[in-house]
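A look at the structure
Chain by chain, the residues run as shown.
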Amino acid sequence: DAKTTQPTSMDCAEGRAANLPCNHSTISGNEYVYWYRQIHSQGPQYIIHGLKNNETNEMASLIITEDRKSSTLILPHATLRDTAVYYCIVRVGYGNKLVFGSGTILRVKS
Amino acid sequence: KAGVTQTPRYLIKTRGQQVTLSCSPISGHRSVSWYQQTPGQGLQFLFEYFSETQRNKGNFPGRFSGRQFSNSRSEMNVSTLELGDSALYLCASSRDRGTGELFFGEGSRLTVL
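Keep in mind it's a predicted model, so treat the numbers as computed, not measured. (Residues numbered from 1 in each chain as written. Chains lettered and ligands numbered in written order. Predicted model: local features only at pLDDT ≥ 70, side-chain atom pairs only at ≥ 80, totals over all residues. Heavy atoms only, no water.)

Attention shifts here to the overall build of chain B. Each helix and strand counted, chain B has zero helices and 11 strands in total. Taken from N to C terminus, the helices and strands of chain B fall in the order β-β-β-β-β-β-β-β-β-β-β. Expressed as lengths along the three principal axes of its C-alpha atoms, the size of chain B is roughly 35 × 25 × 25 Å. Every one of the 113 residues in chain B was classed for burial, and the buried ones make up 49%. Look at the contacts in chain B between residues 6 or more apart in sequence, and 54% of them connect residues 24 or more apart. When the accessible area of chain B is evaluated, it comes to approximately 5,300 Å², of which 46% is carbon and sulfur surface. (Helix = DSSP H or I, 4+ residues; strand = E, 2+ residues; numbered from the N terminus. Buried < 20%, exposed > 50% of the residue type's maximum accessible area, 1.4 Å probe, protein only. Contact = heavy atoms within 4.5 Å. Areas by Shrake-Rupley, 256 points an atom, 1.4 Å probe, with all protein chains shown as cover.)

Put into structure tokens, the structure is as follows:
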């Protein structure tokens with residue numbers, strides 16, 4: 001399985017953009033990058049996914065480098081409610097088996 | 001629309017007992033996956049069901065099993081419980097197997113004494 005590497009934790013000021021990096025240097029050409037987050041005591045929540053083009057939805061933007069070896073999740077205006085563990089996942093093959101790593105603890109501070 | 005519903009939310013069992021956890025997916029979703037979350041191992045994939053068939057299985061012993069019914073509802077069973085089975089068990093549903101976009105329930109927290 002392709003592995004991902006994320007910083008253990010990050011802080012962000014409320015109202016500022018939160019940029020969460022992820023390295024996935026062994027990713028294969030047809031493997032997608034997914035981002036989920038888990039707020040304390042809740043189940044993980046899907047945020048966004050992409051293959052090679054940048055993606056944007058109502059929650060976030062995903063920037064994938066041209067060589068696809070890394071990506072950045074951007075929360076444009078972080079709020080206190082965005083404090084959570086953020087997981088970067090490379091989905092291997094077909095189906096809904098996701099391999100979660102340790103993730104990044106994002107703390108949004110006022 | 002209603003989200004993924006898991007029951008029971010909390011339960012306490014003793015070693016050697018067995019437990020059955022239930023998951024009702026979002027209406028229209030046909031894929032159900034199960035994950036175990038512990039402080040030491042994090043989130044780990046247990047199995048995935050689609051059209052009443054197990055499609056994928058994680059690296060767990062045979063004491064962990066599951067099934068899916070024709071209405072897409074799913075159950076998982078853990079037999080001969082061990083202390084290490086104490087965990088949050090999360091169910092996730094998806095419209096099909098191809099999206100990778102999973103909707104998780106709030107989980108069933110199992111404590112084994």
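Moving on, we come to the interface of chain A and chain B. Taken together, the contacts link 15 residues of chain A with 20 residues of chain B. In total, chain A and chain B occlude about 1,600 Å² of area from one another, counting both sides; carbon and sulfur atoms represent 51% of this. Of all residues in chain A, Y94(A), N96(A) and K97(A) give up the largest surface area on contact with chain B, accounting jointly for 38% of the area buried on that side. Linking chain A with chain B are 13 residue pairs in polar contact (both at pLDDT 80 or more), by the criterion used here. For the side of chain A that touches chain B, the element with the highest residue contribution is strand 3 (residues 32-38) of chain A, accounting for three residues. In terms of residue class, the side of chain A that touches chain B is built from eight nonpolar, five polar and two charged. (Buried area = accessible area lost by both parts, 1.4 Å probe. Polar contact = N/O pair within 3.5 Å; in protein donor to acceptor, adjacent residues only side chain to side chain. Nonpolar A, V, L, I, M, F, W, Y, C, P; charged D, E, K, R; others polar.)

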